[in-house]
Amino acid sequence: MVGPAVLRRLVEPLESAVRALAGDGHVEVELERPADPAHGDYATTVALRLAPQLRRSPRELAQELADRVELGGLVEEVSVAGPGFLNLRVGAAWYRAALAELLEAGDRYGAGFAETPERVQVELVSANPTGPLTVASARNAAYGDSVARLLELAGHHVEREYYVNDLGAQIDLFRESVAARARGEEPPEGGYLGDYVAGIAARGGDPVEWMVESIRETLERFRVQVDSWAFQSEIERDLDAALAELDLYEEDGARWLRTTTWGDDKDRVVVRSDGRTTYFAADAAYMRSKLARGFERLIYVLGADHHGYVARLKALAAAYGHDPDRVEVLVYQLVHLTQGGEARKASKRRGDVVFLDELIDEIGVDAARWYLVMRGHEQTVEIDVDLAREKSEKNQVYYVQYAHARICGILRNADGAAPEPGPPSELAGEERELVKRLAELPGVAAEATERRAPHAIPIYAVRLADDFHRFYHHHRVLGSGEAEPFRLGLCSATRAAIARCLDLIGVEAPERM
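Here we summarise the structure given alongside this text. None of the values given here were measured: they were computed from a predicted structure.

Points about the packing of aromatic side chains
Under the criterion given, the structure shown has 10 aromatic pairs. Measuring from centroid to centroid gives 4.2 Å for tyrosine 163 and tyrosine 286, while their planes differ by 20 degrees, and the two rings are stacked. Note that tyrosine 163 is positioned in strand β5 (residues 157-164) and tyrosine 286 in helix α11 (residues 279-292), a separation of 123 residues in sequence. Tyrosine 163 sits in the buried class, given a relative accessible area of 7%. You can call tyrosine 286 buried: its relative accessible area is 3%. Taken together, a centroid distance of 6.0 Å and an interplanar angle of 55 degrees make the contact between phenylalanine 468 and phenylalanine 471 tilted. Pair noted here: phenylalanine 468 and phenylalanine 471 are both in helix α17 (residues 456-474), with a separation of 3 residues, about one helical turn. We note that phenylalanine 468, like phenylalanine 471, is buried. Ring pairing ties together the aromatic residues Tyr42, Trp94 and Tyr95, which thus form one cluster. Positioned above the aromatic ring of phenylalanine 295, the side-chain terminus of arginine 119 is 4.5 Å from the ring centre.

As structure tokens, this is what we get:
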């Protein structure tokens, strides 16, 4: 399991007891926190899962495990409940060990869990440089960057890349639209509208270059640091060489790649019968470029209209002789904004979209980053603009940041008193719950990384803030006598965990609010 050593010290003896009963086969023991603390601190259903295999009563098997397992002084009681749940009640020694581990790890708590670190490329945003980034692209940026941050936490070497489509009909139309505005004319039919086009026209120079620079600035403002920019115009210099490495076949005058060999729903045209290459040919050249740079995993972050790309991109990797499982395509859903209880449909500068810079101006980077990853990427996100800029506990990001700032205030006022992991003679329920919540972070982060699901991080952060606020409202920290060193330790560990969570989704952890 991925988790702190103190949890593994509970799991490993249980797995040894299971092997003694079931043989040498691997049986994973998972610990859960019971909904009712009266049932214990941790519980496992391993007896229920193992009983059918051994043709035993689950409750009888759970009792035998309880009798066999040797957990040392960390556990006060092992009991059997219901049809075969095995419940553990941990003692003061476990809480001492847990907090000591948290304090020793500091800001690196929960990091470095990748079994085999890889070179990973995360391609994100890659919006055409024909206008400012929109809120839809903002979700790509927030989600893709958070996935990259989780991978880095795990120990992988990650490179974020933006693919710039600086060739093609849309680029030509954009340049024509800007040129028309520069002449004082309307853009051509189907061209690009909006005040930003006139603004670029007034600047002169290449509008595409200017727009790429504008996109860079917006992403930096949004705390997304792009490591490399891949330009289609540069990659396609090697287009002929890229296509020469593919086993193409001819049909109806066109050249095709048999992508159905690797699970695609149909073969793909690479070169049309008139000799013009397709978008898929550009995808092939880009895939070849990625693979040639030695990445062991390629992650594409694409919008909801790209579901069909999953199989074809994997097929391209296979066609170049690489494992298609090295390619991941993460498809995210749409973003809707509401304000005053109604859907927000228009921007100030163009009638059909809202630009990312506008959203940042209204609610700030922190709220924008938080609310764009608060749901799974396969779900539509709805951002209540009024709520997102509210400074109250109803606004989740403010609530979590406030917990961090409150802890920083406590630590500033501690007059140099050192946190200590040794608990007082008896721990309060709120202290126990807070330590157990902190112990969850490594497992939460590891699962979020594996599932490419950074929304698990803000969910956990809110629960951690809940537990801290509950502890704080019931117990003094400074001036609490023999409990003070332990409670300062709790505060220090909680501060580090909240800061880690916020950083993973690109949100700042303020020391004062």
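Here the narrative resumes.
A short note on the side chain of serine 177
Following the sequence through the fold, serine 177 ends up in helix α6 (residues 169-182). Given a relative accessible area of 0%, serine 177 falls into the buried group.

Concerning the pattern of salt bridges
This model, assessed by the stated rule, comprises 41 salt bridges. Here glutamate 60 makes a salt bridge to arginine 56, at a shortest N to O gap of 3.0 Å. Residue arginine 56 is classed as partly exposed on the basis of its relative accessible area of 26%. Put simply, arginine 149 and aspartate 145 hold a salt bridge, and the shortest N to O gap is 2.7 Å.

Focus on the sheet that holds strand β1 (residues 42-44)
The strand order across the open sheet built from 3 strands is β1-β3-β2, with neighbouring strands paired in antiparallel fashion. The open sheet has two edge strands with one neighbour each: β1 and β2 (75-81). This sheet shows a mean twist of 20 degrees between the axes of neighbouring strands, independent of strand direction. Sheet topology places β1 next to strand β3 (residues 85-90); 3 bridges connect them, and they run antiparallel. Across the sheet, residue tyrosine 42 finds its bridge partner in β3, namely leucine 88.

Things to note about helix α2 (residues 46-54)
What α2 keeps buried is the set Val46, Ala47, Leu50 and Ala51. All buried residues of α2 project into a common sector of 125 degrees when viewed along the axis, lining one side. Facing away from the buried side of α2, by more than 90 degrees, are the exposed residues Pro52 and Gln53. Buried positions along α2 lie against α1 (5-22), β1 and α3 (58-68). Directly after α2, the chain includes arginine 55, whose backbone phi takes a positive value near 55 degrees.

Criteria and thresholds
Residues numbered from 1 in each chain as written. Predicted model: local features only at pLDDT ≥ 70, side-chain atom pairs only at ≥ 80, totals over all residues. Heavy atoms only, no water. Phe/Tyr/Trp six-rings, centres within 6.5 Å; stacked < 30°, edge-to-face > 60°. Helix = DSSP H or I, 4+ residues; strand = E, 2+ residues; numbered from the N terminus. Buried < 20%, exposed > 50% of the residue type's maximum accessible area, 1.4 Å probe, protein only. Lys NZ or Arg CZ within 6 Å of the ring centre and 35° of its normal. Salt bridge = Lys/Arg side-chain N within 4 Å of Asp/Glu carboxyl O. Pairing = 2+ DSSP bridges. Axes fitted to C-alpha atoms, helices over the stretch in contact; angles between N-to-C directions. Arc of directions from axis to C-beta. Contact = heavy atoms within 4.5 Å.

Function cannot be read off these values alone, since they describe shape.
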